[in-house]
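# Descriptive analysis of the structure
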Amino acid sequence: ASNEQLNIVAEIQCLQAHYPLLSLEKLIKAATYNGAKFLGLEKKIGEITINKAPGLVNIFPFDANNKRIPSNAQIRVLVPACFD
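Residues numbered from 1 in each chain as written. Predicted model: local features only at pLDDT ≥ 70, side-chain atom pairs only at ≥ 80, totals over all residues. Heavy atoms only, no water.

### Brief notes about a nonpolar patch on the surface
A surface patch of nonpolar side chains, about 360 Å² in accessible area, is lined by Ile48, Leu56, Leu78 and Val79. Tracing the backbone through its elements, the reader meets Ile48 in the loop between α3 (33–38) and β1 (56–60). (Patch = residues over 30% accessible without salt bridge, like charges linked within 9 Å, V, L, I, M, F, W, Y side chains within 5 Å. Areas by Shrake-Rupley, 256 points an atom, 1.4 Å probe, with all protein chains shown as cover. Salt bridge = Lys/Arg side-chain N within 4 Å of Asp/Glu carboxyl O. Helix = DSSP H or I, 4+ residues; strand = E, 2+ residues; numbered from the N terminus.)

Here it is, written out as structure tokens:
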């Protein structure tokens, strides 16, 4: 991990700080679908699509104008991932 928190949102924030040209879209895909694929779970989770049950989180505040997750962001789980 690139951060000391072992938290995927903190990982995205760290990468945004050190590599500002990386798009948020690429970072979120790396954190979701690519993470699920690495774990062999891409058929169940990793993206919002039919026949998948990914977890959903709310990140607030979110800087939509600059597509950044600010350092004061709070994360709330809305729907936990279903691995069954």
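### Digging into the pattern of salt bridges
As enumerated under the stated definition, the model contains two salt bridges in all. With its nearest N and O atoms 2.9 Å apart, the salt bridge here joins Lys67 to Glu25. Of the two residues, Lys67 sits in the loop between β1 and β2 (74–79) while Glu25 sits in helix α2 (residues 24–31), which places them 42 residues apart along the sequence. Note on Lys67: relative accessible area 41%, which makes it partly exposed. A relative accessible area of 44% means that Glu25 is categorised as partly exposed. In this structure, Lys52 and Glu47 form a salt bridge, with 2.5 Å as the shortest nitrogen-oxygen distance. Glu47 gets classed as partly exposed once you look at its relative accessible area, which sits at 35%. (Buried < 20%, exposed > 50% of the residue type's maximum accessible area, 1.4 Å probe, protein only.)

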